[in-house]
Amino acid sequence: MTIDRIDLTARLGGRIAVVTGGGSGIGLATARRFAAEGATVVIADLDEAAGAAAAEEVGGSFVATNVADQESVDALFDGTAETHGRVDIAFNNAGISPADDDSIETTELPAWQRVQDVNLTSVYLCSRAALRHMVRQRSGSIINTASFVALLGSATSQISYTASKGGVLALTRELGVQFARQGIRVNALCPGPVNTPLLQELFASDPERAARRLVHVPMGRFAEAEELAAAVAFLASDDASFITASTFSVDGGIGSAYVTPL
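This structure is a prediction, so every number in the text was calculated from the model and none was measured.

Participant: In this structure, what is going on with the pairing of strand β1 (residues 16-20)? I would like to understand it.
Facilitator: Walk down a regular strand and you will see the side chains alternate between the two sheet faces. Buried residues dominate β1, accounting for five of its five residues. Burial along β1 is two-sided: I16, V18 and T20 facing one way and A17 and V19 facing the other are all buried. Pairing of β1 with strand β2 (residues 40-45), which is carried by five bridges, proceeds in the parallel orientation. Note on β2: the bridge partner recorded for T20 is A44. Crossover connection from β1 via helix α1 (residues 25-36) to parallel β2: handedness right-handed.

Participant: Explanation requested: the packing of aromatic side chains in the structure shown.
Facilitator: With the rule as written, the count across this model stands at one aromatic pair. Taking 5.8 Å as the distance between ring centres and 40° as the angle between the ring planes, the aromatic pair formed by F234 and F248 counts as tilted. Separated by 14 residues along the polypeptide, F234 in helix α8 (residues 225-236) and F248 in strand β7 (residues 247-250) bring together distant segments of the chain. Given the relative accessible area of 23%, F234 is considered partly exposed.

Participant: Sorry, what's going on with the sheet that holds strand β5 (residues 140-145) here?
Facilitator: Sheets are built from strands paired through backbone hydrogen bonds, the pairs being either parallel or antiparallel. One open sheet holds the seven strands; their spatial order is β3-β2-β1-β4-β5-β6-β7, and the pairing between them is parallel. Either end of the sheet is taken by a strand with one partner, and the two such strands are β3 (61-64) and β7. If you compare each strand with its neighbour and ignore which way they point, the axes differ by 20° on average. Where strand β4 (residues 89-92) lies against β5, four bridges are found, and the strand directions are parallel. When the bridges of β5 are listed, F91 appears paired with I143. Relative to the sheet, helix α3 (residues 70-84) contacts β1, β2, β3 and β4, its axis offset from that of β1 by approximately 160°.

Participant: Can you help me understand the packing of α3 against helix α4 (residues 109-137) in this one?
Facilitator: To characterise two packed helices, one gives the angle between the axes of the helices and the distance between these axes. Their axes nearest at 9 Å, the elements α3 and α4 cross at an angle of 30°. One element, α3, and the other, α4, form an angle in the roughly parallel class. Relative to α4, the crossing made by α3 is right-handed. Side by side, α3 and α4 meet where Q70, V73, D74, F77, D78 and A81 of the first sit next to L125, C126, R128, A129, A130, R132 and H133 of the second. In terms of residue class, the contact of α3 with α4 is built from seven nonpolar, two polar and four charged.

Participant: It is not clear to me how the packing of α4 against helix α5 (residues 159-178) should be interpreted in this structure. Could you clarify?
Facilitator: At a closest axis distance of 8 Å, the pairing of α4 and α5 adopts a crossing angle of 20°. Put simply, α4 runs roughly parallel to α5. Viewed along their axes, α4 and α5 form a crossing whose handedness is right-handed. Only I159, S160, Y161, A163, S164, K165, G167, V168, L171 and L175 of α5 make contact with α4, whose side of the interface consists of A111, W112, V115, Q116, N119, L120, V123, Y124, S127 and L131. Considered class by class, the residues forming the contact of α4 with α5 number 13 nonpolar, six polar and one charged.

Conventions we followed
- Residues numbered from 1 in each chain as written.
- Predicted model: local features only at pLDDT ≥ 70, side-chain atom pairs only at ≥ 80, totals over all residues.
- Heavy atoms only, no water.
- Buried < 20%, exposed > 50% of the residue type's maximum accessible area, 1.4 Å probe, protein only.
- Helix = DSSP H or I, 4+ residues; strand = E, 2+ residues; numbered from the N terminus.
- Pairing = 2+ DSSP bridges.
- Right-handed = clockwise from strand over helix to strand, strands pointing away.
- Phe/Tyr/Trp six-rings, centres within 6.5 Å; stacked < 30°, edge-to-face > 60°.
- Axes fitted to C-alpha atoms, helices over the stretch in contact; angles between N-to-C directions.
- Contact = heavy atoms within 4.5 Å.
- Parallel < 35°, antiparallel > 145°, perpendicular 65-115°, else oblique.
- Left-handed = near helix turned anticlockwise from the far one by under 90°.
- Nonpolar A, V, L, I, M, F, W, Y, C, P; charged D, E, K, R; others polar.

Geometric descriptors of this kind do not, in isolation, establish any biological role.
Have a look at this one:
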């Protein structure tokens, strides 16, 4: 599914949206969707070439950002508010899944910590920075990328990744409850396996692991990034005005499956 095959509205018209990890994968697909629905998009990414290209494509702006660094994150959100006057949407999406994050038996502390910093601490930093502006506005939508692995156990473990995404869920619930009466919604997106460069790179080195995962998806395929982007756009919009502190699964049914179809 691509956005040019569906009839889009301008439900995000006039909104200012920050997308971390916006240079590729779900982040890039979401930046495109936000822009197609009328938002002004600020792309944040560590990869300057990819981030700048994405910003040019969607008619937005790019800010080189290390999401694990507080000064870098504060500069992103404070700069966005200074330039545009507000921050309406924060899609805290940046994340990593390195090869040295594997079974707990083989994953060493530096690998564990690096994943926690990028996948979980970044969500804390980005949410905190966005909330400074959203609380003043008394409005805003924060969407944090978690994962279906935070809800299910897996024998093909990436122990730090899994733990970091579980932390994202807990943090999201807390913020969603805490700020609900200030007009701010905070939700966690839980994608199933998605056909992104991150997944392709992971599985290219281990086709057997890919096959073991795919067999559990009732739909029989991995998601496309555009399908996740559609869910993020919904959560960012007023169509989701009564949804907060939620775990929003877009997983092809894997979270509800016991035996999948042949």
